[in-house]
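Tertiary structure, described
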There are 2 protein chains.
Amino acid sequence: MHKKIILASTSPRRKELLEREGIDFIVDASFIEETLDDSLPIDERLRQLAIKKATPIHQKYPQDIVIGADTVVYFENQVIGKAHSREEANQILHRLSHHKHDVYTAVAIYDADTLTSFCEKTEVYFKDITDMIEAYLDSNEWEGKAGAYGIQGAAEVFVDHIVGDKDNVIGLPVCRIKDYLLKK
Amino acid sequence: MHKKIILASTSPRRKELLEREGIDFIVDASFIEETLDDSLPIDERLRQLAIKKATPIHQKYPQDIVIGADTVVYFENQVIGKAHSREEANQILHRLSHHKHDVYTAVAIYDADTLTSFCEKTEVYFKDITDMIEAYLDSNEWEGKAGAYGIQGAAEVFVDHIVGDKDNVIGLPVCRIKDYLLKK
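Attention in this report is confined to the structure presented alongside it.

Rules used throughout
- Residues numbered from 1 in each chain as written.
- Chains lettered and ligands numbered in written order.
- Predicted model: local features only at pLDDT ≥ 70, side-chain atom pairs only at ≥ 80, totals over all residues.
- Helix = DSSP H or I, 4+ residues; strand = E, 2+ residues; numbered from the N terminus.
- Rg over C-alpha atoms; globule rule 2.2 N^0.38 Å.
- Buried ≥ 20, exposed ≤ 12 C-beta atoms within 10 Å, placed from the backbone.
- Contact = placed C-beta atoms within 7 Å.
- Nonpolar A, V, L, I, M, F, W, Y, C, P; charged D, E, K, R; others polar.
- Pairing = 2+ DSSP bridges.
- Least-squares fit on C-alpha atoms with pLDDT ≥ 70 in both.

1. Section: the overall build of chain A
Of regular secondary structure, chain A possesses six helices and seven strands. Taken from N to C terminus, the helices and strands of chain A fall in the order β-α-β-α-β-β-α-β-β-α-β-α-α. Against the 2.2 N^0.38 benchmark of 16 Å for 184 residues, chain A shows a C-alpha radius of gyration of 17 Å, consistent with a compact globule. Its C-alpha atoms give chain A principal-axis dimensions of roughly 55 × 35 × 25 Å. Residues counted as buried form 39% of the 184 residues belonging to chain A. Counting only contacts in chain A whose residues sit at least 6 apart along the sequence, the fraction spanning at least 24 positions is 67%.

2. So, the interface of chain A and chain B
In this assembly, 13 residues from chain A lie in contact with 13 residues from chain B. Elements supplying a minimum of two residues to the side of chain A that touches chain B: α2 (42-60) and β6 (114-126) of chain A. Sorting elements by how many residues they give to the side of chain A that touches chain B places β6(A) first, with six residues. Class assignment of the residues belonging to the side of chain A that touches chain B gives a composition of four nonpolar, five polar and four charged. One ladder, built from three bridges, connects β6(A) with strand β6 (residues 114-126) of chain B; its direction is antiparallel.

3. Focus: unusual backbone geometry
One non-glycine residue, A:His98, adopts positive backbone phi at about 65°. Relative to the elements of secondary structure, A:His98 occurs in the loop between α3 (86-96) and β5 (100-111). In this model, B:Ala112 sits at a positive phi of 50°, which is unusual for a non-glycine residue. Its place among the elements puts B:Ala112 in the loop between β5 (100-111) and β6. In this structure B:Ala112 comes out as partly exposed when scored by C-beta crowding, with 15 C-beta atoms within 10 Å.

4. Remarks on the relation of the copies chain A and chain B
Each copy of the sequence occupies a distinct position, and chain A is placed on chain B by a rotation of 180° and an axial shift of 0.0 Å, giving an RMSD of 0.0 Å. The relationship between the two copies is best expressed as a two-fold rotation axis. Taking C-alpha positions as reference, the residue of chain A nearest the rotation axis is A:Thr116, located at 2.1 Å. Comparing interface residues between copies, 100% of those in chain A also sit at the interface in chain B, which points to an isologous, same-surface contact.

Structure follows, in structure tokens:
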């Protein structure tokens, strides 16, 4: 039987990343409350959240491959999620300016009844972006993105350099997922 | 670097099963509260519990292979755990007599930062064991075992036949674990 691949995420960026790889998949995601267990290290917390996102979709397609993911920006031991207002985005970007932050994407893959999950970290070093923030906020690109920026858009100029997988910052460590899909 | 294998379980039966396979490992387990999220299907609940058992040990040996497991007897949509008294063991065995029950073992394997988990089911068909229960209870073999019996001991005669992996009933689907360890 040919297994379907289901992306359990509504993120248009994740969808684009998988499409770029020529992977044949459908999207089916359910809303889940994004609460994190603070007593665990960040990678474990995110991994649990990715599993939580994938599980209801796995129950819907129990024989197929279901991919869930969660991406956060981690800075000074704090999770930086999405900004809910322009003012909050402004504050976040000023904090990140001229500093290094980590982007974590946790992935959970159900392959029928086998669940595999991992968490990939990429270090992102920002230039001093003080003078660029105002224009960036005007673009509205900060909306809906962890850390109030999208590395694949206008915010590309914020980045001095990165250490790790750039796709992981966009929202999915595609290379590692492909490795997994090919290894089975 | 050669990775260590750590069995995150104090069960002497699991230890024996891995030893039988000639796998080189150490045992290091932490006590965790065995609470199950009732809103999930049984296999998901157990899988989470196995992960919960393995996670603190993974944090101790972040670069190695850590195996956690949890085994339950499932009968008439109910989880049958360990009996806490001879009387409870007696009741459990009378319920299981002349019926089929399922034994689930969930396994969580950390391999450095990749977590894999699955849940294996074996169907066990008991004969009418009414006349054998009293003697079995005298043996004290029911203590500390899910469903108040151990298939590898005197309770072997309870079994009419099984469908699935017998090792899974003892506490670890060794074959599937070996598959995983060889595939890496």
